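Read off the chains here:
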Amino acid sequence: MTSGRPATSESPFRSLRTRITLWYGAIIALCLVAYSAAVGTFFTAHLEAELDRRVHEDVELAARALLVDGQGRPSWAGGLLGKRVDEEEGGGHWIEVWSTQGERLLATGTIDALDLGGAPEAGSHHQARTLVLPVGPVRVMTETVGVGGRRFLVRAALREAAARRQARTLWLELGLVSLAVLGLGGLGGHVLARRSLGPLARMAENARRITAEQLHERLPVERSSAELDQLGEAFNETLARLERSFDQLRRFTADASHELRTPLTALRSVGEVGLRSARSEDEYREVIGSMLEEVDRLSRLADELLMLARAEAGGARLRLEPVDLAALAREMVESLAVLAEERRQLLEARDEGWPLVVQGDRLALRQALLNLVDNAIKYAPEGSCVTVATKAGAGGATLEVRDEGPGIPAEHRERIFERFYRIDKSRSREMGGAGLGLSLVKWAAEAHGGRVELETAEGGGSTFRLVIPRGDVAS
């Protein structure tokens, strides 16, 4: 048995949780490296500066303790080592006095027989440097001093073992602390990523269980974070829209099947009745006429369905041209006057006395107006008045079709423009309607950037208002 979760062989580095943990650890590591390098470098520089200061003090101490006799021979006053400061643990001092000709005159210190590599250079004043000797690294500084009218070179050396040991200890401590902080930071990043993305994983798991038959279900919103809450709410809104679309599709399929089945059943019935027995020519003409009426109904239904399908798919393109709505209304009144006379109704056109021009598709606007007027004539009572009015307003040009019919109940007004929706289905079929006329009216209005409005009261008649933007045309 296979689970609903798809198997994957992708790299674990594609996991957002892993990537967040790695990024979190990398940022911490970078900060630790920068901090450790800064602290270690600063401390090492401080130790070197302290060594230079101490070796310079040795040079100054030796210069102050240096005496010269009558023959120009130097000596220490009272013993140099007795005046020196106490040494640190592991340290060691060495001081030499050289003549400017390169002869070593005096040498003393706590390091046994230290060889600093020959006579110092006379120009190396205040320049400390490190020498690596058998006794270990030492810091060396040479300065020129004047005593008793003579000039001497004083070279002092100080062992660096203790300072280097302190630097190594600090670097080791920084490394251990950095590793510990990096480990704790990585663990914290993993826990943080897991807790932050846990609701997302549960949301994905719940989303996998939702199928086309379960669109009524919704994802639980855990209120863990604003971003995930927004994602869950947006997904639930998408599910709600999909559910409405599926419901509309199911209703459309059922209604279309029912509308197609009715004329097909009528065709079959009329044909079977006509074939049961021999008939006269007039009777066959009547049978064929009935069949042609049903074929005509099928053709109209197919054309309307095709137009709506193209409109929703974006395939129905408008051929824009200047259209005079006032003239279109008068033309529609003249065309349907005979139909109104059959029901003893008064069909009239009202306008403002001048052309009302919009930029639109004449055929689409004519079809929309035809549907509105045809509906008004069908549902208005005999002896009533149906008015087609045109007027200009701030929102654009308006086509109004008013009747004195029974009106539309409040519970049907929101759905009256849906495909195949009819208030009285049996009565609509008897009148030849398929419930697509108002859907085409709404599409025509929206395709022109306008809207269709309904103003009605039960028992008080209905007014359908088609509002079309004027565009760049003049009256």
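Shown above is the structure to which this text applies.
J.: Describe the overall build of the protein, with residues and values.
T.: The secondary structure content of the protein amounts to nine helices and 14 strands. When the 475 residues of the protein are sorted by exposure, 37% land in the buried category. Within the protein, contacts between residues at least 6 apart in sequence are counted, and of these 63% link residues at least 24 apart. Total accessible area on the protein stands at roughly 28,100 Å², and carbon and sulfur atoms take up 54% of it.

J.: Which residues make up the sheet that holds strand S6 (residues 136–147), and what are the values?
T.: If you trace the five strands from one edge of the open sheet to the other, you get S4-S3-S7-S6-S5, paired in antiparallel fashion. The outermost strands of the open sheet, each flanked by one partner alone, are strand S4 (104–109) and strand S5 (129–133). Across the sheet, the mean angle separating the axes of adjacent strands is 25° when strand polarity is ignored. The strands that helix H1 (residues 16–65) touches are strand S3 (93–99), S6 and strand S7 (150–159); relative to S6, the one it contacts most, it runs at about 40°.

J.: Just give me the short version of the packing of helix H7 (residues 362–379) against helix H9 (residues 437–447), but keep the residues and values in it.
T.: When two helices pack together, their arrangement is captured by the angle between the axes and the distance separating the axes. H9 packs onto H7 with a crossing angle of 140° between their chain directions and a minimal axis gap of 9 Å. Relative to H9, H7 is oriented oblique. As H7 packs across H9, the resulting crossing turns out to be left-handed. Residue-level contacts link Ala364, Ala368, Asn371, Leu372 and Asn375 of H7 to Gly437, Leu438, Leu440, Val441, Trp443 and Ala444 of H9. Split by residue class, the contact of H7 with H9 holds eight nonpolar, three polar and no charged.

J.: Please give an account of the nonpolar core that cites residues and values.
T.: Ranked by size, the top nonpolar core spans 37 residues in total, and within it Leu325, Leu347, Leu369, Val373, Val388, Val401 and Leu466 carry the most contacts. Put simply, the parts of the chain that give this core at least two residues each are helix H6 (325–342), H7, strand S11 (385–393), strand S12 (396–402), H9 and strand S14 (462–468). Here Val401 is in contact with Leu369, Leu372, Val373, Ala376, Val386, Thr387, Val388, Ser462, Thr463 and Phe464, once residues within four sequence places are set aside. Grouped together as the second largest cluster of nonpolar side chains are 21 residues, Leu51, Ile95, Met141 and Leu158 included.

J.: I'd like to hear about the pattern of salt bridges, residue by residue, with values.
T.: Tallied over the entire structure, the rule returns 18 salt bridges. Residues Arg362 and Glu331 are paired through a salt bridge, measuring 2.5 Å at the closest nitrogen-oxygen approach. Linking Arg362 in helix H7 with Glu331 in helix H6, this pair joins segments that are 31 residues apart in sequence. By relative accessible area, Glu331 is classed as partly exposed at 26%. Ionic pairing is found between Lys378 and Asp374, a salt bridge with its closest N-O pair at 2.9 Å.

J.: Lay out the packing of H6 against H7 in plain terms, naming residues and giving numbers.
T.: Relative to each other, H6 and H7 sit at 40°, their axes nearing to 10 Å. What the angle tells us is that H6 and H7 run oblique. Judged by the twist between their axes, the crossing of H6 over H7 is right-handed. In this structure, H6 uses Leu325, Leu328, Ala329, Glu331, Met332, Ser335, Leu336, Leu339 and Ala340 to contact H7, whose residues at the interface are Arg362, Leu365, Arg366, Leu369, Leu370, Val373, Asp374 and Ile377.

J.: Summarise the side chain of Arg465; cite the residues concerned and give the values.
T.: If you trace the backbone, Arg465 turns up in strand S14. At 2.6 Å, the side chain of Arg465 forms a polar contact with the side chain of Glu400. Polar contacts involving the side chain of Arg465 include one to the side chain of Glu455, which spans 2.9 Å. Here Arg465 is in contact with Thr398, Leu399, Glu400, Arg451, Val452, Glu453 and Glu455, once residues within four sequence places are set aside.

J.: Can you explain empty space enclosed by the protein? Please cite residues and give values.
T.: This model, assessed by the stated rule, comprises one cavity of 30 Å³ or more. Lining of the largest cavity is provided by 10 residues; of these, Pro199, Met203, Pro220, Val221 and Glu222 occupy positions nearest its centre. Of all elements in the fold, only helix H3 (161–208) and helix H4 (226–275) reach the threshold of two or more residues within the lining of the largest cavity. The element contributing the most residues to the lining of the largest cavity is H3, with four residues. For the lining of the largest cavity, the residue count by class is five nonpolar, two polar and three charged.

Parameters at a glance
Residues numbered from 1 in each chain as written. Predicted model: local features only at pLDDT ≥ 70, side-chain atom pairs only at ≥ 80, totals over all residues. Heavy atoms only, no water. Helix = DSSP H or I, 4+ residues; strand = E, 2+ residues; numbered from the N terminus. Buried < 20%, exposed > 50% of the residue type's maximum accessible area, 1.4 Å probe, protein only. Contact = heavy atoms within 4.5 Å. Areas by Shrake-Rupley, 256 points an atom, 1.4 Å probe, with all protein chains shown as cover. Pairing = 2+ DSSP bridges. Axes fitted to C-alpha atoms, helices over the stretch in contact; angles between N-to-C directions. Parallel < 35°, antiparallel > 145°, perpendicular 65-115°, else oblique. Left-handed = near helix turned anticlockwise from the far one by under 90°. Nonpolar A, V, L, I, M, F, W, Y, C, P; charged D, E, K, R; others polar. Core = buried A, V, L, I, M, F, W, Y, C linked by side-chain atoms within 4.5 Å. Salt bridge = Lys/Arg side-chain N within 4 Å of Asp/Glu carboxyl O. Polar contact = N/O pair within 3.5 Å; in protein donor to acceptor, adjacent residues only side chain to side chain. 1 Å grid on protein atoms, 1.4 Å probe; cavity = no way out; pocket = protein on both sides within 12 Å on 5 of 7 lines; lining within 4 Å. Points joined across faces, edges and corners; volume = space filled by probe spheres on them.

Taken by themselves, the reported measurements are silent on function.
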